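If you want the building blocks of each chain, they are given just below.
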Amino acid sequence: MAQMHTTARPDVEPAANGNASDAVHAMEGGFDPRTINEDIAPVRSDQRRWGMKDIAALWVSMCACTPTYMLASGLIAEGMSWVQAVLTILLGNILVLLPMILNAHAGTKYGIPFPVYCRSAFGVRGANVPAVLRALVACGWFGIGTWLGGWAIYKIVAVFAPSIEQMPATSLGVNAPQLACFLLFWGVNVWIIHMGIESIRILLNIKAPLLVALGLLLLGWAYLRAGGFGPMLEKPSAFAPGQPREGQLWSFFFPALTGMVGFWSTLALNIPDFTRYARSQRDQILGQAVGLPPTMAFFSFIGVAVTSATVVIYGETLWDPVVLLARFESPVVLIVSLAALSIANLATNIAANVVSPANDFSNLWPSRISFRTGGIITGIIGILMQPWRLVSDPTGYIFTWLVGYSALLGPVGAILIAEYYVIRRTRLDLVQLYRREGPYWYANGWNPIAIVALVAGVLPNLPGFLGTINVVTVSGAWMNLYHYAWFSGFAISFVAYVALTLMRRPAARAAA
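Reading the values: the criteria
Residues numbered from 1 in each chain as written. Predicted model: local features only at pLDDT ≥ 70, side-chain atom pairs only at ≥ 80, totals over all residues. Heavy atoms only, no water. Core = buried A, V, L, I, M, F, W, Y, C linked by side-chain atoms within 4.5 Å. Buried < 20%, exposed > 50% of the residue type's maximum accessible area, 1.4 Å probe, protein only. Helix = DSSP H or I, 4+ residues; strand = E, 2+ residues; numbered from the N terminus. Patch = residues over 30% accessible without salt bridge, like charges linked within 9 Å, V, L, I, M, F, W, Y side chains within 5 Å. Areas by Shrake-Rupley, 256 points an atom, 1.4 Å probe, with all protein chains shown as cover. Salt bridge = Lys/Arg side-chain N within 4 Å of Asp/Glu carboxyl O. 1 Å grid on protein atoms, 1.4 Å probe; cavity = no way out; pocket = protein on both sides within 12 Å on 5 of 7 lines; lining within 4 Å. Points joined across faces, edges and corners; volume = space filled by probe spheres on them. Nonpolar A, V, L, I, M, F, W, Y, C, P; charged D, E, K, R; others polar. Contact = heavy atoms within 4.5 Å.

Undergrad: Got a sec to walk through the nonpolar core? Specific residues and values, please.
TA: Ranked by internal contacts, the top residues of the largest apolar core, which has 141 residues, are Trp59, Met100, Ile112, Trp264, Leu292, Leu416 and Tyr497. Top contributing element to this core by residue count: helix α6 (residues 128–160), with 12 residues.

Undergrad: Describe a nonpolar patch on the surface, listing the residues and the values that go with them.
TA: Together, Met52, Ile285 and Leu286 make up a nonpolar patch on the protein surface, roughly 200 Å² of accessible area in all. Note that Met52 resides in helix α2 (residues 52–63). With relative accessibility at 33%, the residue Met52 sits in the partly exposed group.

Undergrad: Any details on empty space enclosed by the protein? Residues and values, ideally.
TA: Enumeration over the complete set of coordinates arrives at 4 cavities of 30 Å³ or more. By volume, the largest cavity amounts to about 140 Å³. Elements with a minimum of two residues in the lining of the largest cavity: α6, α10 (265–270) and α15 (331–353). Element by element, the count of residues in the lining of the largest cavity is highest for α15, at 5 residues. Its residues assigned to classes, the lining of the largest cavity comprises 9 nonpolar, 6 polar and no charged. The volume enclosed by the second largest cavity comes to roughly 80 Å³. Looking at the second largest cavity, the residues that line it are Cys65, Thr66, Tyr69, Leu211, Leu214, Gly215, Leu218, Phe299, Ile302, Pro321, Leu325 and Leu341. Within the residue set of the lining of the second largest cavity, elements represented by two or more residues are α3 (66–77), α8 (197–226), α13 (293–314) and α14 (321–325). Ranked by the residues each element gives to the lining of the second largest cavity, the list is headed by α8, at 4 residues. A per-class count over the lining of the second largest cavity returns 10 nonpolar, 2 polar and no charged.

Undergrad: Help me get a handle on the side chain of Thr501, residues and values and all.
TA: Along the chain, Thr501 falls in helix α23 (residues 485–511). Ignoring sequence-local partners within four residues, the contact set of Thr501 consists of Ile423 and Ile449.

Undergrad: I'd love a proper account of the pattern of salt bridges, names of residues and values included.
TA: Applying the stated criterion across every chain yields a total of 8 salt bridges. Of the charged contacts in the structure, one is a salt bridge between Arg34 and Asp32, with a shortest N-O distance of 3.0 Å. For the salt bridge of Arg44 with Asp46, the shortest nitrogen-to-oxygen distance reads 3.4 Å. A relative accessible area of 32% places Arg44 in the partly exposed class.

Given below as C-alpha cells:
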C-alpha cells in the first residue's frame, strides 16, 4: 500500500467543504503503517459520491428484505394486533434513528470507518473490542441473509424438481439441496464483496425500486385475490379487554420494543462505514430519516397484510414470502418473483452484514487483512453459525437473538456517543487516530475507562440473558431488566464513561 503522508497536528478540523481528511492527506510525514490500510484510511472529498438519494436508497434497500417482511409475525403470534405490531416497529426505528444519526456524524466529518471511530474512545488497540463484537453479530446476520437468499433459489429449483423437497435432512438440520443453494448464494455474495464498495452502491440503487415494486405488486395481488386483506387485520389484540392476555400489553410491549431497536442497533454503530462516503451532514441526516423508519413500517405492513390475505386465499397463514411465492402457478411469475427476492436479499446482506465486519476484521491487522479478506472471514463465520437455526423460532429470534445482542451493542453505542459529543465535542485529531502514540494510545493502546464502562453496561443484563436461554434460573427482577437491555445498557455505560472520564482529568492534571 502506498504510504499516507501527514504529520501529527492537534484537532484537524474540516476545511470549508467539511472534509477533514483532505487536510490530513495534504500534510507531510506519515501514518503508522501498522494502523492503516487503503480500506480504513480517511475518505477524501473527491471520493464522496453518496448524496441524500443514495443514503435513502441504502436504507430502503436494507429495510425492504425478507426479515423485515416477517418481523411483525413474532409480535402478532404473541398477541399484538397488526396496528400495535406495525407501530411498535415504527417507534423502535424512530428511537434507533437518533444514535444512528449521531454516530454517522463522525464518518461524514472525518471520512473514517467504524473501527477507526472507536479508537477515540477505546484506544487504538482497544477499538478491536467493539469492532469484533459488532463483527460477530454481523456474521450471524450475514448467515441469516444468505440462508434466506439460498432458500429462494431452492424454491425456484423445486419448481422443476419437486422431489428435492422430499429429501431427508442431514445432520446439520437441512437437506443436501438446501445446503447446496445456501452455498451457491454464499458464493455470489463473496463475488460481490470482491468487486468492492462502489459495486455495492450500484446494487443498492437497483434493488431499492425493484423490491418496493415487488412488495406493492404482492400487496395488490393479495387484496384483489382475497377481496380485502383478510381476518388478520380484523383480529383484535389478545391484550384487549375480554381477550386471553388482557392487561398484559405493556409487559410485552417493552421487550418487543427493545427487540425492534435491536434490529438495527448494529447499523447504529457502524453507520460511519457508509456515511464516510456522504457528501454532507445534511445528506446523511435526511437520507436516513427518509429511508429508515417509513420503510420499516411500510414493508412490515405489507408482510402483515399479505399474510392476512393468505388465510382467505389458501386457508393457512403463510408468513414466509418465499413459501408464499412458491404457491404461484405460473412458472414465469414464480421464477421472476423469487429471483427478485434473491437479489433483494443479496443487496441487503452485502450492505448491512458485510461492509462493517470486513472493516472490523481489517482493523485487527491492517497490514495483512484487507476489506475483501475481511469479507471472506465474515462469510466463513456466517456458515459456521448455521443460520437456519437462528430463524427457526420467531420467539427465540426476537427475544434471544435481537434482544441478546442489543445488550452488547447498546453500551458500545453509549460510549462512542459520550466520547464524541460530551468529551470531545465532535473534535477529533484525525492524524493521531492512525498513530500508536498520542491522545488515543491511552495505556498501551487501551482505554481502561471504556472497558470498565462497557462491562458495567453489559453485566446487569447477563443474568436475564442466561435465564432466557435456560442456562440458569433467575428472579423476575433480572428478567424484567433484560427486557430493557438496549436502553438500560446504554444508560449505564453512558453515565459510567462520562463520570469516570471527567474524574480522571483532574487526577491527570494533579499528577502533572
